[in-house]
Amino acid sequence: EYVAPCDERLAWLTGFTGSAGFAIALAGEAAVFVDGRYTLQVRAQVATDHFDPVDWPKTKPGPWLAERLGPDDVVGIDPWLHTQTEIDALTKAGLTVRPVPNLVGAIWADRPAPPAGQVTPYPVELAGLSAQDKRTKIAGILRDAGHKAAVLSLPDSISWLLNIRGEDLNHMPVVQAFAILHDDGRAAVFADPDKMAGVAEHLGPEVTVAPPDAFEPALRALSGTVRVDPKTAPYAVALALEASGAEIAADDDPCILPKATKSAAEIAATTEAHLRDGAAMVEFLAWLDDAAPKGGLTEIEVVERLEGFRRATNALHDISFDTIAGSGPNGAIVHYRVTRNTNRTIMPGDLMLIDSGGQYL
């Protein structure tokens, strides 16, 4: 849902800043595909004389392209930004797909640097299982399936597996990285070594750290049967493994179900977090009941006071996302974010929409 500033290609190219969407550019036509949450936002942010707003998933990219391209036309894709499942859907529509270097990157002269938020260990008393125990467990899943290794591309899976947390993204305490887990429990993590420096002892000798540009060569060095999730891994992973001669086993990320099976420690910590956050919400609602009828209250004041009640717990790690506080017509804008320009005074009789959350260790 959130990406680093260096990855905000869609926003840089089109102006659209929603949490989900994609663009397709042809030689003489371009479109921005968004779901129903962003019907209003896309028209407010995007120059519609250059980009046609398209209702997705009602209209899918494969059929849209097939209507506009001939049999000899080629669709270029960045293999690091598309999955095998997405590629299969395009080829099923009769399209010829070719991996190409990212074209937005070629013209984005002032693109920000990749994030390098410091990585910290997550306490085992809150996780319930040590990172070594988790690696052993997932390695057993690989052996049972006859897989020599698994490629992990989801930051939440990697962060869960290794009991680490990061600061690469706003409101998301995950570590941006790739990883390879072997069937004997050894793991290789590919991320900025500087940001991983503080967790070397925590990771232990069975986990190595290498820079991101070492990931593709490591894939090309693998052999045997390698597990790859076609729904989440970049298509570039499959291309590298094919070059190595490894056999690709298309299967789910092996961390997904174990991560969803919460330990007693995780359940207890979640209960504590909900009690703490619920108390902050009650404080906020009591304040709102008193302040709103007096008049003059604005959306920004609501956002600030709600976060203030959460911070008063002295335990808030971060808010879950930018608080949505929309009054009257602003409440009809899905994923509305108040700004100084849109800030509205709450009027008697207004419906007030508030969507918010807090994160606690």
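Bear in mind that the values here come from a model prediction, so they are computed numbers and not experimental data.

In this section: the sheet that holds strand E7 (residues 149-152). Reading across from one edge, E11-E10-E9-E7-E12-E13 is the order of the 6 strands in this open sheet, with mixed pairing throughout. Two strands close off the open sheet at either side, each with one partner strand: strand E11 (207-210) and strand E13 (247-250). Direction aside, the axes of adjacent strands within the sheet are offset by 20° on average. Looking at chain direction, strand E10 (residues 187-190) and E11 are connected through 4 bridges and run parallel. Paired with Phe190 across the two strands is Ala210, which belongs to E11.

Before going further, it helps to examine the pattern of salt bridges. Following the criterion strictly, the structure yields 18 salt bridges and no others. In this structure, the salt-bridge partner of Asp7 is Arg111, at a minimum N-O distance of 3.5 Å. Pair noted here: Asp7 is in the segment before helix H1 (9-14) and Arg111 is in the loop between helix H5 (103-107) and strand E6 (120-121), with a separation of 104 residues, a long-range link. For Asp7, a relative accessible area of 25% corresponds to the partly exposed category. With a shortest N-O distance of 2.6 Å, Arg344 and Asp350 are connected by a salt bridge. Through salt bridges with shared partners, a single network forms among Asp7, Arg9 and Arg111.

Let us look at the sheet that holds strand E2 (residues 30-34). Read across the sheet, 3 strands follow the order E1-E2-E3 without closing on themselves; strand pairing throughout is mixed. Both outer strands of the open sheet, strand E1 (22-25) and strand E3 (52-55), are each paired with one neighbouring strand and no more. Shown here is a sheet whose adjacent strand axes are inclined to one another by a mean of 30°, direction ignored. Against the sheet, helix H3 (residues 61-68) contacts E1, E2 and E3, and its axis sits at roughly 15° relative to E1.

Once that is clear, we can look at the side chain of His147. Mapped onto the secondary structure, His147 falls in the loop between helix H7 (131-145) and E7. Looking at His147, the relative accessible area reads 7%, which means it is buried. Not counting residues within four places of it along the chain, the set of residues in contact with His147 comprises Leu142, Asp183, Thr225, Arg227, Ala249 and Asp251.

Turning our eyes to something else, we now look at the environment of Arg276. If you trace the backbone, Arg276 turns up in helix H14 (residues 264-291). A sequence separation of 39 residues divides Arg276 from Ala315, and the C-alpha atoms of the two residues are 8.6 Å apart. The contact partners of Arg276, leaving out residues within four places of it in the chain, are Thr313, Ala315 and Tyr360.

A separate point is H3. Every α-helix winds through 3.6 residues per turn, so residues three or four apart in the chain are directed the same way. Within H3 the residues assigned to the buried category are Gly62, Trp64 and Leu65. Angular distribution of buried residues about the axis of H3 spans 165°; they occupy a single face of the element. Each element contacted by the buried residues of H3 is listed here: E1, E2, E3, strand E4 (74-77) and helix H4 (84-92).

Note: E4 against strand E5 (residues 96-99), 4 bridges, orientation parallel. Directly across from Gly76, in E5, lies its bridge partner Arg98. Taken together, E4, H4 and E5 constitute a β-α-β crossover, and its handedness is right-handed.

The topology assignment puts Pro114 in the loop between H5 and E6. With 28 residues separating them along the chain, Pro114 and Glu86 place their C-alpha atoms 25 Å apart.

It is worth spelling out the packing of aromatic side chains at this point. Aromatic ring pairs are described here by two measures, namely the spacing of the ring centres and the angle between the planes. Across all of its chains, the model carries 10 aromatic pairs by this definition. Both rings, one in Phe22 and one in Phe33, keep their centres 4.7 Å apart while their planes meet at 10°; by these two values the pair is stacked. Highlighted residues: Phe22 in strand E1 and Phe33 in strand E2, separated in sequence by 11 residues. You can call Phe33 buried: its relative accessible area is 0%. For the ring pair Phe33 and Trp64, a centre distance of 5.4 Å and an interplane angle of 80° mean the geometry is edge-to-face. Of this pair, Phe33 sits in strand E2 while Trp64 sits in helix H3, and the two are 31 residues apart along the sequence. In this structure an aromatic cluster arises from ring pairing among Phe22, Phe33, Trp56 and Trp64. Note that Arg165 overlies the ring of Tyr122, its terminal NZ or CZ placed 4.0 Å from the centroid.

Conventions adopted
Residues numbered from 1 in each chain as written. Predicted model: local features only at pLDDT ≥ 70, side-chain atom pairs only at ≥ 80, totals over all residues. Heavy atoms only, no water. Pairing = 2+ DSSP bridges. Helix = DSSP H or I, 4+ residues; strand = E, 2+ residues; numbered from the N terminus. Axes fitted to C-alpha atoms, helices over the stretch in contact; angles between N-to-C directions. Salt bridge = Lys/Arg side-chain N within 4 Å of Asp/Glu carboxyl O. Buried < 20%, exposed > 50% of the residue type's maximum accessible area, 1.4 Å probe, protein only. Contact = heavy atoms within 4.5 Å. Arc of directions from axis to C-beta. Right-handed = clockwise from strand over helix to strand, strands pointing away. Phe/Tyr/Trp six-rings, centres within 6.5 Å; stacked < 30°, edge-to-face > 60°. Lys NZ or Arg CZ within 6 Å of the ring centre and 35° of its normal.

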